[in-house]
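Listed below, chain by chain, are the residues.
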Amino acid sequence: MKKLLLFSTMIAASTVLAGAPSSVQVETPGEHEEQVAVMFQTATYNPLHDEPVKDVQLFMMAAILGAGESVDLTVNDPAEFREFVDELHAIGVDTSKLVQRVVEHTDIWARDNFPIFSKLTSPGGHGPADGLSPAQQAIAAERFAHIDPSYRGEFAIDFEFDGWGYGPFSPPLTADLYEIDNQIVPTIAAQEGIPVVSSPLIAEGGGIESNGAGTIIYAREAFLQRQEYNPTGPNGQPMTEQQITDELAALFGTPHVIAVPYWHPLDGHSVLDGPLYLDVDDDGKPDPLHMPFTVRHTDEVLRFVDERTILIAQLPQEYVRNHIEQDIHDTLEALWGFMQQQVDQNGRPFRLIAMPDPGLSYRYLTSDDDMWFFLSDFKRGAPGVPKIKDYNPTGGYMISAGTYINYVVTNELVLVPTFDLEDFAERNEEAKAVLRRA
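Residues numbered from 1 in each chain as written. Predicted model: local features only at pLDDT ≥ 70, side-chain atom pairs only at ≥ 80, totals over all residues. Heavy atoms only, no water.

**Some thoughts on the environment of Ile157**
Okay, step 1: Looking at the secondary structure, you find Ile157 in strand E8 (residues 153–160).
Okay, step 2: For Ile157, a relative accessible area of 1% gives the class buried.
Okay, step 3: Separated by 101 residues in sequence, Ile157 and Val56 have C-alpha atoms that sit 28 Å apart.
Okay, step 4: Among residues more than four places away in sequence, those in contact with Ile157 are Pro115, Ile116, Ser118, Val185, Val197, Leu251 and Phe252. (Helix = DSSP H or I, 4+ residues; strand = E, 2+ residues; numbered from the N terminus. Buried < 20%, exposed > 50% of the residue type's maximum accessible area, 1.4 Å probe, protein only. Contact = heavy atoms within 4.5 Å.)

So this is what it looks like as structure tokens:
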């Protein structure tokens, strides 16, 4: 049984998956399966001036290493790695399973811009022998054409990365930073000596879920938004939903791809979906609540626990306190209804488990907080795209986006985000109880 550990700030981590037996040629294990290591990348800024990202990462690494598991830490230079080693030693942590990886990067979200590791498990041809449509087979043949047909082993899926859909909304300097992170996947693949399968699709790992047995779920609206403002389809046109689905089917070796049309209302695009408005000052005027670079991902609303079981965020009506939380309740209820109608790769309905949603929380930020400062990029905007509304450079309210669904699972542990507010104490306990039962 996995041990639960709680932390109060969510920091994403990626996993190197060990794989599972399968008869299909391309397999992508689920995160609930055996892992080789948990991958982190270091922070280059602190979103909140009084909550250093490094402190949270050290807590997580100490827990994972303390359970006898491996941590693969990506740093920008070896001196940074030595700092982590020294600080972990200072709190009595054995770092013999802490692995250094030097790759230039600008952000922490390894789940989104690191490789998705898949496997070719039988020789001859590319993609599964059965099930793909002719269009999907043609895409698979093109994407895998450079790999020796006799090759068996891991490969890295490399999507295009444009800063979670914010590249087109950003000035050139910020867009250049996103391009640095767009080179992470081929760099890591070269270090590991495995082939890269590249796709023109703009995507992040947080928008894709695999059950490890032939079902892929993806965040439809996130993928379509990327194409609307940064098209990468044939002849420079936006990829359609069918083209996106076909691309994912070809890459992951399965025709069973589910496009989820819902996202968490607090996880919308900061410019296109925000800000939200609520009278937090009790002065009779609605105040803007800005979203912190959120992206319409699936990993805020649903996760596979095993091949057939899915945790889905739900906000019970009795917890609803305002119109924003009513929208959360209604959206998550609609998601539940949608997933009730879906089946796995064998035609079996999924087992759904409700995970409590924390609802709305927010805090006041100022220009001292890097997250607030970065929003100024979207106030200026880029030519031909919208600008963020009601942004005050001196400070304002920002939503604390995050749900219990956005946990990190390892071979021995589940690291669960919690919320350090009195109103959330009961829900913190409920989330822990759900995960123990699941």
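**Thoughts on the pattern of salt bridges**
Okay, step 1: A complete count under the given rule lists 23 salt bridges for this structure.
Okay, step 2: Asp299 is paired through a salt bridge with Arg111; the nearest N and O atoms lie 2.9 Å apart. In this pair, Asp299 is assigned in the loop between strand E14 (287–290) and strand E15 (302–304) and Arg111 in helix H3 (residues 110–113), connecting sequence segments 188 residues apart. In terms of burial, Asp299 and Arg111 fall into one category: buried.
Okay, step 3: Residues joined by salt bridges that share partners form a network here, namely Glu31, Arg111, Glu209, Asp299 and Arg303. (Salt bridge = Lys/Arg side-chain N within 4 Å of Asp/Glu carboxyl O.)

**Notes on helix H5 (residues 172–181)**
Okay, step 1: Of the residues making up H5, those classed as buried are Thr174, Tyr178 and Asp181. Looking straight down H5, one finds its buried side chains confined to an arc of 55°; they lie on one side. Among the exposed residues of H5, those pointing more than 90 degrees away from its buried face are Pro172 and Leu173.
Okay, step 2: Tucked inside the fold, the buried residues of H5 contact H3, helix H6 (184–192) and helix H10 (370–380). (Arc of directions from axis to C-beta.)

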